Structures are given as C-alpha cells and as structure tokens.
Amino acid sequence: MPVLNYPGVPGTTLYAGIPPAGGTVVSTITLVNTSGSTQAANFVSPMFGVPFKQGVMPSGQYPKFAIASGGAACPATLWNYSTWPDGSMMFCGAMIQVPSSIAGSGTLQIEVQTGGTAPAASGRTTADLTAANMIIEATGVTNLSGVWTSSLNDGITVADDFTLVADGAAGAIWRVGAEFRQSGSAHGQMYGTHYVAALNTSGGALRGLRYMGKASQPWTDIASPAATARVMVGVLKSGSTTLRTLQGTQSGETGTTNITMAHYSGWHTAGSDGKWDYVQGGGASSTDNTVRVTYDKAEFIATRLVPPYQTALNPTAPTAAPYRPYCIGGMTVRFTGATGERDDIGVLPEWVARHILNQHVNDEQTVRVSSLASAGWRCTLRRKSTRRILPTADTASSYTGLGTTAPTVRWFSGSAENITQPSSNTSLWSEEDQSHHRASTAYYAYLITGDPVHLDILQDYAAQIIASRWQGGPTWKTTMPVVGACATGNGERDATIQGGGTYKGGGTFFDIYGLRISAWMARDVGQAAAISPDTDVAKPFFTDVINNSFDAANDYNSRMPSTWRDAGFWTMEGPTEVSPAAWMNGYFSNAICHLASILSTTNSATFRGHLSKWYSAQHGLGRSVACFSSYHWSNRRGNTRIQTAAEMLSVLESRFTWNTTTERFTISASSGSGGNANGGWSPTAGDIFMFDPETAPGTRPFAGATNWTPMYVVNPSGQTGQVSLTPGGSVADVTSAADYSFCMAAVQNFSPNWSFNGFNDPSGYVANAYGAMRHHEACGDSTINSARVAMDACWASAAAASGSSFANEPKNAMAAAYPT
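Quick caveat, the model's predicted, so the values are computed rather than measured. (Residues numbered from 1 in each chain as written. Predicted model: local features only at pLDDT ≥ 70, side-chain atom pairs only at ≥ 80, totals over all residues. Heavy atoms only, no water.)

Looking now at the sheet that holds strand E6 (residues 62-67). Spatially, 4 strands are ordered E6-E9-E3-E23 in an open sheet, and the strand pairing comes out antiparallel. Of all the strands in the sheet, just E6 and strand E23 (291-295) have a single pairing partner and so form its edges. Ignoring strand direction, the axes of neighbouring strands in this sheet form an average angle of 35 degrees. Across 5 bridges, strand E3 (residues 25-33) lies against E23 in antiparallel orientation. The residue bridging valine 32 from the neighbouring strand is arginine 292, located in E23. (Pairing = 2+ DSSP bridges. Helix = DSSP H or I, 4+ residues; strand = E, 2+ residues; numbered from the N terminus. Axes fitted to C-alpha atoms, helices over the stretch in contact; angles between N-to-C directions.)

Within the secondary structure layout, serine 88 lies in the loop between strand E7 (76-83) and strand E8 (89-98). What makes serine 88 buried here is its relative accessible area of 3%. Only 2.9 Å separates the side chain of serine 88 from the backbone nitrogen of glycine 55, close enough to count as a polar contact. Ignoring sequence-local partners within four residues, the contact set of serine 88 consists of Gln54, Gly55, Met57, Pro58, Ser59 and Thr83. (Buried < 20%, exposed > 50% of the residue type's maximum accessible area, 1.4 Å probe, protein only. Polar contact = N/O pair within 3.5 Å; in protein donor to acceptor, adjacent residues only side chain to side chain. Contact = heavy atoms within 4.5 Å.)

This model, assessed by the stated rule, comprises 44 aromatic pairs. Ring centres 5.3 Å apart and planes at 75 degrees place the aromatic pair tyrosine 62 and tyrosine 81 in the edge-to-face group. Here tyrosine 81 lies in strand E7 and tyrosine 62 lies in strand E6, a separation of 19 residues in the sequence. Overall, tyrosine 62 belongs to the partly exposed group, its relative accessible area being 23%. Judged by its relative accessible area of 25%, tyrosine 81 is partly exposed. When the ring of phenylalanine 665 is compared with that of phenylalanine 689, the centres are 5.4 Å apart and the planes differ by 90 degrees; the resulting orientation is edge-to-face. Here phenylalanine 665 is found in strand E37 (residues 664-668), whereas its partner phenylalanine 689 is found in strand E38 (residues 688-690), with 24 residues between them in sequence. On the basis of relative accessibility, which here comes to 1%, the residue phenylalanine 689 falls in the buried class. Its end group placed over the ring of tryptophan 429, arginine 334 keeps NZ or CZ at 4.7 Å from the ring centre. When the ring centre of phenylalanine 412 is taken as reference, the NZ or CZ atom of arginine 410 above it lies at 4.3 Å. (Phe/Tyr/Trp six-rings, centres within 6.5 Å; stacked < 30°, edge-to-face > 60°. Lys NZ or Arg CZ within 6 Å of the ring centre and 35° of its normal.)

Here we take up the environment of lysine 504. Structurally, the position occupied by lysine 504 is in the loop between strand E30 (502-503) and helix H7 (515-531). Separated by 111 residues in sequence, lysine 504 and alanine 393 have C-alpha atoms that sit 6.8 Å apart. Aside from chain neighbours lying at most four places away, what touches lysine 504 is Asp394, Thr395, Arg493, Asp494 and Asn548.

Moving on: helix H5 (residues 442-449). Burial analysis of H5 places 8 of its 8 residues in the buried class, the great majority of the element. Taken as a whole, H5 has its buried residues at Ala442, Tyr443, Tyr444, Ala445, Tyr446, Leu447, Ile448 and Thr449. Once H5 ends, the next one or two residues include glycine 450, with phi positive near 65 degrees.

The end-to-end C-alpha distance of helix H11 (residues 602-620) is 26 Å, a good match for the 27 Å that 19 residues give at a rise of 1.5 Å each. The largest bend in H11 amounts to roughly 25 degrees and is located at tryptophan 614. Counted residue by residue, H11 has 14 buried out of 19 residues, so it is predominantly covered. (Expected span 1.5 Å × (residues − 1). Bend = angle between axes of the 7 residues up to and from the residue.)

At their nearest, the axes of helix H10 (residues 581-599) and H11 sit 9 Å apart, and the two run at 150 degrees to each other. Considered as vectors, H10 and H11 are oriented roughly antiparallel to each other. For the pair H10 and H11, the sense of crossing is left-handed. Judged by residue contacts, Ala582, Asn585, Gly586, Phe588, Ser589, Ile592, Cys593, Leu595, Ala596 and Leu599 of H10 engage Ser604, Ala605, Phe607, Arg608, Leu611, Trp614 and Tyr615 from H11. (Parallel < 35°, antiparallel > 145°, perpendicular 65-115°, else oblique. Left-handed = near helix turned anticlockwise from the far one by under 90°.)

Our focus in this paragraph is the pattern of salt bridges. Here the idea is simple: oppositely charged side chains can pair when their charged atoms come close. Scanning all chains against the criterion turns up 30 salt bridges. For the salt bridge of aspartate 154 with arginine 181, the shortest nitrogen-to-oxygen distance reads 2.8 Å. Here the residue aspartate 154 occupies a position in helix H1 (residues 152-158), and arginine 181 occupies one in strand E13 (residues 171-182), the gap between them amounting to 27 residues. As a salt-bridge pair, glutamate 253 and arginine 334 come within 2.7 Å of each other at their nearest N and O atoms. One end of the pair, glutamate 253, is in the loop between strand E18 (248-250) and strand E19 (254-256); the other, arginine 334, is in the loop between helix H2 (297-302) and helix H3 (350-358), with 81 residues separating them in the sequence. (Salt bridge = Lys/Arg side-chain N within 4 Å of Asp/Glu carboxyl O.)

Within the largest apolar cluster, 218 residues are counted, with the highest numbers of intra-cluster contacts made by Leu31, Phe65, Trp267, Phe542, Trp570 and Phe689. Looking at this core element by element, the count peaks at 12 residues for H10. Leaving out residues up to four positions away in the same chain, phenylalanine 542 has contacts with Ile389, Gln459, Ala462, Ala463, Ile466, Val525, Ala528 and Ala529. (Core = buried A, V, L, I, M, F, W, Y, C linked by side-chain atoms within 4.5 Å.)

Remember, this is a structural readout, not a statement about activity or role.
Set out below in structure tokens:
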C-alpha cells in the first residue's frame, strides 16, 4: 500500500492507500441562491476554484461534478490546472451546468468526484463575442487628450495578444489584449485587457456573455508617449450603450468622476461587487443566474492551500468593501509601510480568514474587491514585446514566453534602474511596491474564484517584488561580525554562500531590514509559483526564484555552527545589537509554513523545520514563552552575532530600580509597556538580565554591568532580587541607584504577564507567536509540541486578562493540526 509523506517529515502521512477510484467524492461545494425567487434549472454556475489535497486527484484524472441528492451530472468547463510534486492535481478553475433549480434563498450541494476526463470543446468561438462589442472608453482630463477606446472586437481582429483560457461543456473563456486607440492610432502606453466568457445553454447554444475589462499602463520598454500618471473619465460600453461610468477614488476614500491611473497600475470595469458583468450579446438569456459558491471550511482547510485556521470560529460578517477604481478594499491604510498590526498584515489577511470560516457574502465581496484594488498598486511591470511579466532575476538567461531576463532592472515607485521611469506618477498608494507590510490580496481571490483576472494580479505583484530587489549579491558569511559583512541595500536577488554555491534569485531570505520583508516577499513569489497553471509561461520563473531561495537558506544553515542550527536562528539584520526578530519570527514562520504546505518541496520543509527549533530551543532552556512576544531580541554582542540559543535574550519592558543599601533590584510597572504594565511578576533564581547600549544607555548599577554582560538572579524574594556575574555566584555590589524601563532578559516564569512588550490582543505579538507555533505543529514539526502547549497557556492568560478572543479576528487562530 503506497504511503505519501510530507516532504522532509517521514511519518507525517498525507495520504496512504490506493488512489481514489473514479467517482469517489473528494469534496463538496454548495450553491447558494441569493435571490428570494427560484433559480431555474440548467444555469451555468459562477466561476469557482477547485482545490485538492495532495494525492486525492491522481495524475491523468480530472474532477467531475454531480448533484449530491440524486447524482445528476453537472457538465463542466475546467481550466488552469496546477499539480502537486507527485503529479496529482492541486487546483483548477471550473464552471458547471446545473440541471436542477434552486428554491428562493435555497441551497444545492454539489459533489466533486474523481474519475473525470478532460472537457470536450464547447462549440463556442470568438464569433459569439463580437455582437456585444465590448469597449473600455477613456476620456482625457490630464496628460491625456480626447477619447480613447480599447475594443474587444479590435483585439480579436488584431489577435496579437489572444489566449483561450478554457473550453468545455459550460462554455469558453478568453483573455484578449487590445490597444487604446484614437482614430485608429494606438496610444502606446494605455492598454486594455478583455476577459470574456461565452456561456452554453444545456442544448449547446449561446446563453450569453460574462465580461471583465482592465485598463492599465504596464509597459516597461516604451519611451513614447511619456510614462506618467494620466487622469481620465472611464466608461464601460456595449456598442453605443453605456453599461457603467466608473467612479474613481480620491483622498479620504470619497468618489470622484475622474480616475487617476498611475503608470504601472490599472483599474477594472467591475461594479461595486467586484464581479464580472453579464451581457446577453445575442445569446438566449437576458439575465445571469443569482447563485454564489460556498465551500465546506474543513474540507477547504484540509487541502493545506491555506493555513490551519480554527474551524470552530464563526466570525461576525463585516460590512462589504465596495469596488471602484483605486479603492482601498479591505485594506486599512494607503501607506502600506505604516507600522503596527492591522487586518492587512499576515500570511493571509483578516478578511481571508473570516471568509474561510463563515463564507458570508460580505466577506466574499471583500476578497474579490481587495484583489482588484491591489491592481491599483504600481506593480504591473510588463514588456510590450511579450505582453507578459518582466523577469528580473537571471535564474535563467531567458524563459519561453517571457523573453530574455533583465537582471539589471530594479523598480521602486520613487526610483528605477534600466526601466522606464514615469515623469510623474501620482498615486493614492505609498510603498505598495515594497514587501514589508504588503497584504496578500490576489492568491485567495483566485483560489476561491478560479478567475484569471486574479491570477494575473498575483503574477504581476510577485514579479514586481522580485524587481524591487538589488541584483548581484554579497557573499553571505558563515559569520557576520562586522557591518561590511552584510548588504547595505534593501536585500539582494542573488545569494553566494561562503564555501558553498551561488543561487540566482535566491537572496529572498537574506534581507537585513527585518524578517517581515522576506516573509511577505517569499509569500507572494511562492504563491505564484504554486498556484500558477503548469502550462503558464511565468510559472518556471517564479518556481526557480523560490526554489533557489530555499536552497540558499539551507546551504547557509549547513555551513553554520551546530549551535546555530540547534537554536533555529535566522537573522540577517544589520549591525545593531537589538533586532525586531522576536515578533517577526512569527510572521516569518507563518509564511514559511504556508509555503512549505503549498509548494510541498523537500527544501521548503527543511527550512521550515529549522525555524521551528527557535521556539523549542528556548522552551527547552526553561524560559517563558512570553519572550516570543517581545518586540526585540538580542542579535549581537557588539560586533559579534550570537550563534547559541542560550545567548538569545529578549527586550523586557519593566521598570528596574536598584538600591545601593540592599544591593537589590525591584520590579515595577514601566510607563511605556504597550498596553501591558509588566509590573506584577517575580524573578526566579537563574533568570538572566543584560544591558545593551540601545535599550539601556546611561548609568549602570555597578561597574561590572557592562554592555552584553549576563547578570544572573540570585536570592530572589517577591518582586526583588540580587544579581551575580556568574550563575549562583557572589552578589554584585550595587554602587548606583540606577533606574531602567528596558533591559534584555530571559526569565523562567513571567506569570501573570504574557508578553514582554504588551500588544496583547488577537492581532498582537502574543497572538502572532501563538498562531506561528501551532502552524508549525500542524505542518509536522512535532518537536515544538511542549513549547506550543506552553504558548496556549500564555495566550489563554492574555485573553482572560484582556477580555480578548479570536472570534472576529481569526487570522492568528491556528489549529495545531489540519483537518483530515
């Protein structure tokens, strides 16, 4: 009997036994009638994504669909197949013909079964599209003069950017590019992309069309007309009939008649719900169905394509985010570099976790709209010659369909190298082209909809984040004792490991400005690598970048001392003694756990297992897991980076006052403390304190309390204690009544407190560490179990004291096991 193990974790079984026989039910979806009126039979469902757990849809098989009650077949159109490393299907997009009616406000359950075959042709052709004559119209206001139109029919005629996305029993889907033209002449910078589906009736005739358009300025290689922000009035038309006048966005999130289209950004023709429009276009039906698709949340999470959210939670549905060009969607700030926790930040955003758990229509709309909103980021870097993403890491000299790689290109919205730099590029967004606080918007939208619009957005911002990195790397040292041993820029595309190999595009995890930068960059690229269709020309590029990144990290770790590997360290921060890696480790771990799940590669599992040791090593030393919730930790001792778990101390925010008479320190509440006073705990003999010049400058309590010198607690009594320079040694002679609100510390019992620096809510650092440790365990890192159990108690204490719960903020509410 064959057994499929999770890569790098023998004994963690994903699937055991004979692959499912044809007709085996592997999951279900539910069709929900959003209208109070009956939905007539023989309708075509909305597009939806079909995710599969590894091994359940064997290579060579296709899904088929049937009504759960009675077993009536639902003929399907399928597209965009992606597979797991074992060849089984990971994901595809689908729409199905449904031979049953649905009562008003009723539901209908559909089974997803094995044993299907590749869909036969629909009989639909581009001749079905021309009667609708879909047009995106832009009337110039600033940096644009007159009326410009991008016509679907023109794109079909020219046929130089034309893709048949899908063809099957329910209909066909195309992506068609078309220039914006005025009096027959192309604008040069403005470009239209037309997504259109021709739907079948049950008898094989044309039912009608679904349509979504996009206007953008994506070209990196066109100098004339000038690359600049252009202001326009946008209209969607079917022939001479106006279907929608698009309302732009201005500061304060208010509407405006004008759309400001920054270069390297775009906007869509969708209405407020973020969905495709329906146009009869000569078909048999004047209206579309009133159905939406929902998933069984346990089945969905069990695929491992999303983190292991706690299925018992059922968050309250929020107000739905409405779409209009350059809206903010579910995101909370326009300046994506703004610090602090918020709904946007995480391996997946808050609105995604809520949708997975409650499937509410408002959450679904926010998912769709947030993805379309991120098309307004200045992140669409494409070549006119290929109409596809620009590959900017020389992981290969060229990629079929993408052309020659451009390793000297670098793009930030404020600067550029070897790429067209817009003369003026006004945007409501700021730093959206950097990864440090950027939300994952399009991956999940594509996962639940199968909509090629969202896939294109995902690929655009994954390619752009690679372009934001410097090309050519330093040599990453097996030790980093001085400033010059690290990069001085914002990270590197390549990584050369001292004594090891050079990994093109593999510098993803070697950023010196914090693990969150690497976490979200890797997430974007890895999601694109995993979920892009196997036949997509961009997939090999993303796959090479993310694989080289994991290989570089593992090579680096293999050359570090065993103490480094045992400690689970990963820090490339610059030469400061204190780095923000403690709470960022939660971000980083969550991202790597997610990528190891969706990529299912040995190199990603190896690196994930390494990171899990950071938690278990500290817990194994008898330290409170509250240190995982600290804002900073000790990165160095002067110019020497620490390489041993015992050397790791965290920044503790409590007040320490020293008494020259008693030679004791007293603990009390710090005035800062980020919402947690941290004044009620008592020290334990053997606790370690340490001063450093960043967090504790100034007068020291005694001459031996120099920077980076460990001080060990002796003779504790209540909230007081004395210190020695050796474990259990003689008491240090306190000569100064020093008073500090911060120090470095490693304590054994921090009760009743739970976080060294506060922020004790479901979006805070303690919750982030809680989620990361559970994510590791769910992925198979079983050695973390005892530390995870301690963190459960830590979070329970925090929740009880603050009255907080994950009920409506579930993005950190991970389970310690995936559903089976």
